[in-house]
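Residue-level structure breakdown
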Amino acid sequence: MIHIKSFLSNVYIISILAVTAILIILKDLQFTFGGSPPLQLFLIVVAIAAWHGGLIAGFFTTLLSAAASAYFLVEPHESLYIAKSSDVLRIALLVSVGAIFSLMISLLYKREKRVLHKVMEREEQLKKEIAERDKTRAERDLYVELAKSSTEFIGMCDMEFMPFFINDAGLRLVGLDSLEQGLKTPVKEFFFPEDQEFVMNEFFPMVLKNGRNVSEIRLRHFKTGKAVWIIYNVFTLKDLNGKIASLATVSMDITDRKRVEEALRESQIDLNRAQAVAHVGSWRMDIHKNILEWSDENYRIFGVSKGTPLTYESFLDAVHPADRELVDKTWKEALAGKHYDLEHRLIVGKKIKWVRELAELEFDEHGSLLGAFGTTEDITDIKGAQEALHHERAFLRQVIDAAPSMIFVKDKEGRFILANNSLAHCYGTDPEGLIGLTDADFNFDADEVAHFRQDDLDVIRNRKPQIIPEEKVTCRDGVIRWYSTVKIPLFEDDNSCNKLLGVASDITERKRAEEALRLADRRKDEFLAMLAHELRNPLAPIRNAVQLLKMLEPTDPKLAWSRNVIDRQVTHMARLLDDLLDVARIMQGKIRLNMERFELTEILNNAIETSRPLIESRGQELIISQTTTPPWIEGDRIRLAQVLSNLLNNAAKYTSEGGKITLSVMREDSSAVIEVRDTGIGISPDILPQIFDLFTQADHSLAHAQGGLGIGLTLVRELIEIHGGTVTASSAGIGQGSTFTVRLPALPAPSSAIESVQAKSVLPMPKFRILVVDDYADAAESLTMLLQAEGHAVETADCGLKALERAQAFRPQVVLLDIGLPDLDGYEVARRLRALPETHDAVLVALTGYGQTEDRERSRSAGFNHHLLKPVNFEKLSALLTAA
């Protein structure tokens, strides 16, 4: 409505302005231009009004022009009255011409206006199209630049699947060196061979159908041939008519992601495999949705098909009914913050499994509880092993507790890790009461504990077993017991040693038995010493009497024979006593050797001289065979002469009268060899292996007939062995004789052997003041008579106190002193004699039946110069006095 009013107002204004212009022109110019120009001008004005204002403006202008002409130009002037008909006609013509002209001009204007409007519309459209094209070109250039600089694969192809654009990232992705190379390659060739059929026959048809399609597809790297994974995003491009003109792709390289996914997949496979191997599954519980998720191994453990929907209630259903309440309680406590670590049973089919479950709670970023993640370990086998181990441990516990020995395991700090009943009983507790404690907690003997501790540290530090033959242990009740202990180091898997195993066997009874044996042995030694002493005492006067008879030189042959028999038997009895005591000392390791170097032949004469009376008394022939260069040896002259004498005596005793005994001395390689061969009774094969054993005799009846204790050969073997040699016996049998062979280590002969001839003294024996002290009257008197016969001044005493009294008055130069006196023993008397000025320098000689090593040591320490055994060999005593 507002537009119509505006339009009419514009028409009126134009019409009024046009009429005013016509009146002015017609009035002012009518005389100049006459009638025609005003009319032309009128038409022009009407045309302009009609052109600009339309038909209505033209009509309105025409009417106003006619009215104005009638009012101003037609007489009467300034009046609308028209007097002349010609003027009316003229005005009517004016109106008609103006109306027709207005109509023509308005129609013409409308047409031109429509044409112009179309032209202007087309021009505007062209301008818009140009602007749109410019914008599209700019956008396309921008897109191209963006595509070229993009790191994603961007490409386009036509409907023949030939590419016409590939960005640089796409070329690099597939290993192409130039765009030209890519544009010549069909799209199909870009894909991995195994994926080409799927792309061309399934993927692209879906793109054409839906306008877009996305899939993960492998491209082929043209240089390496390897697969390149991309998210292949393809969409259609249409022309202005909406027809699909081409295909475009913006694809992302996901090769690294695929590798990670593959690695994760392999890791998941490995995890599943590891869980299967370790029998450990995993689970996650969402407490809000009541959804339980299990790993593959968890499904296997519970015997549930994979993928079965799970809830907390379905889990509880699998739990053994006897354990459900505990499991549910523990789970609820875990949700409240307590630790979830539980072993319980499951019912899987008809079997019962043991599992151990651990869990940790899970929270969101706000700290709200989501649920829990946990593991399930199948410990059925472990439980079975534990049960078996429990039975085994119970069995071993019974075994070690039943063992009489103390069995224990200690750590490096000396703490007990394991102990049995025997040790616990000793320490007054039970085995569990020992664990974690040390010996010091039970044993109040600090020295014992320190000794135990040092032994333990030595075993662990040296990493070697240690055998302790005997050690004392004070029990809790104060009783002392003895143990033989073995301590063995125990090694860890890394070969470190921090523990030891100990086994201590109670040897208390053995110690008591040994002590009893030692006591018995000591009493035996004391008995033997006493026996020797008591037997030697009566032999002493007999030998002294024989010596006196020798000095008298009786003419009666029977008397001489009787004297010689008595002399031989006394000598034999003394030798039996010597052998008996010697073998006892050797068996106890109490004998001492006086080692020196000498020719072996030096002991032959002594041995032969000792054995000759027996050999000659039996009418036997002694044949001596030796090399021109006698071997040298190192040994004790007296003991080796004793060995050889024993062998000669043995041969003489077991060889009949008139038989032969052969003594051979030689050197074989590095050994000095002594061989004693006889033609005697021989040795039976069953006796031969034991011939050197103590108290063994070749034939009891014969041995008894010949005399002997069966200890001579034992003495031979022991003496030879402690010299580093050997002795053997051989015989062809009974009646075939026997051969005894001694082998000793030989020494190289000295470069110049100088013979030393000991000259016998021809000086008369010096005369001494001699005090004889002996409570055995016959021995004292007989010895006094012998000494006096040699010209010595002799006095006697039958006890120690009298001896000291006589010594002060008699001032003896030599004291022959018996050890076993009734008041003071000989050792004490000797000490007191050494303290007296009258006898301080006297020669003190012990005459005794006690001949063991400790007896000689006591003699020496008491101050004796010599120790002689009864019965005394008077020749030896005379030599000793001469040397004094």
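Everything that follows concerns the structure shown earlier in this document.
Please read all numbers here as calculations on a predicted model, not as lab measurements. (Residues numbered from 1 in each chain as written. Predicted model: local features only at pLDDT ≥ 70, side-chain atom pairs only at ≥ 80, totals over all residues. Heavy atoms only, no water.)

Observations concerning the packing of helix α24 (residues 826-835) against helix α25 (residues 853-862)
Interhelical geometry of α24 versus α25 gives an angle of 20 degrees and a closest axis separation of 8 Å. Between α24 and α25, the interaxial angle falls into the category roughly parallel. Regarding α24 and α25, the two cross each other, and that crossing is right-handed. Counting all contacts with α24, which are made through Y827, A830, R831 and R834, the residues of α25 involved are D855, R858, S859 and A862. In the contact of α24 with α25, the residues fall into 3 nonpolar, 1 polar and 4 charged. (Axes fitted to C-alpha atoms, helices over the stretch in contact; angles between N-to-C directions. Helix = DSSP H or I, 4+ residues; strand = E, 2+ residues; numbered from the N terminus. Parallel < 35°, antiparallel > 145°, perpendicular 65-115°, else oblique. Left-handed = near helix turned anticlockwise from the far one by under 90°. Contact = heavy atoms within 4.5 Å. Nonpolar A, V, L, I, M, F, W, Y, C, P; charged D, E, K, R; others polar.)

Let's talk about the sheet that holds strand β22 (residues 738-745)
Pairing between the strands of a sheet comes from backbone hydrogen bonds, and it takes one of two forms, parallel or antiparallel. Spatially, the 5 strands line up as an open sheet ordered β17-β19-β20-β22-β21, and their pairing is mixed. Looking at the sheet topology across the chains shown, the edges are occupied by β17 (621-626) and β21 (726-730). Across the sheet, the mean angle separating the axes of adjacent strands is 15 degrees when strand polarity is ignored. Sheet analysis places β17 next to strand β19 (residues 660-668), joined by 6 bridges and oriented parallel. What sits directly across from I623, in β19, is T662. Contacts from helix α18 (residues 601-617) reach β17 and β19, with the element oriented near 170 degrees to β17. (Pairing = 2+ DSSP bridges.)

A word on the packing of aromatic side chains
A complete count under the given rule lists 18 aromatic pairs for this structure. Relative to F204, the ring of F203 lies with its centre 5.8 Å away and its plane at 65 degrees, an arrangement referred to as edge-to-face. F204 carries the same exposure label as F203, and that label is buried. Seen in terms of ring centroids, F408 and F416 are 6.1 Å apart; in terms of plane orientation they differ by 90 degrees. Their pairing is edge-to-face. By relative accessible area, F416 is classed as buried at 2%. Pairwise contacts between aromatic rings join W283, W294, Y299, F302, Y312, F315, W331 and Y340 into one cluster. Seen from the ring of W229, K258 lies directly overhead, with NZ or CZ sitting 4.3 Å from the centre. (Phe/Tyr/Trp six-rings, centres within 6.5 Å; stacked < 30°, edge-to-face > 60°. Buried < 20%, exposed > 50% of the residue type's maximum accessible area, 1.4 Å probe, protein only. Lys NZ or Arg CZ within 6 Å of the ring centre and 35° of its normal.)

Thoughts on the pairing of strand β15 (residues 497-506)
Summarising the sheet, strand β11 (residues 406-411) and β15 pair through 6 bridges and their orientation is antiparallel. The residue of β15 that forms the bridge with K410 is L500. Pairing of strand β14 (residues 480-491) with β15 involves 9 bridges; the strand directions are antiparallel. Note on β15: the bridge partner recorded for T485 is A504. Here β14 hands over to β15 after 5 residues, with N495 in that stretch at a positive phi of 70 degrees.

Considerations on the sheet that holds strand β4 (residues 227-238)
The sheet built from 5 strands is open, its strands ordered β2-β1-β5-β4-β3 with antiparallel pairing. Among the strands making up the open sheet, the edge pair consists of β2 (163-166) and β3 (212-220). Averaged over all pairs of adjacent strands, the angle between their axes in this sheet comes to 25 degrees, without regard to strand direction. As judged from the 6 bridges shared by strand β1 (residues 153-158) and strand β5 (residues 244-253), these two strands associate in the antiparallel manner. In the sheet register, M156 faces β5, and the bridge partner there is A248. Lying over the sheet, helix α7 (residues 193-210) contacts β3, β4 and β5, oriented at roughly 160 degrees with respect to β3.

Structural notes on the pattern of salt bridges
A complete count under the given rule lists 43 salt bridges for this structure. Between E343 and K383 there is a salt bridge; the shortest N-O distance is 3.1 Å. Taken together, the residues E343 in strand β8 (residues 340-348) and K383 in helix α12 (residues 380-402) connect sequence positions 40 residues apart. A relative accessible area of 22% places K383 in the partly exposed class. (Salt bridge = Lys/Arg side-chain N within 4 Å of Asp/Glu carboxyl O.)

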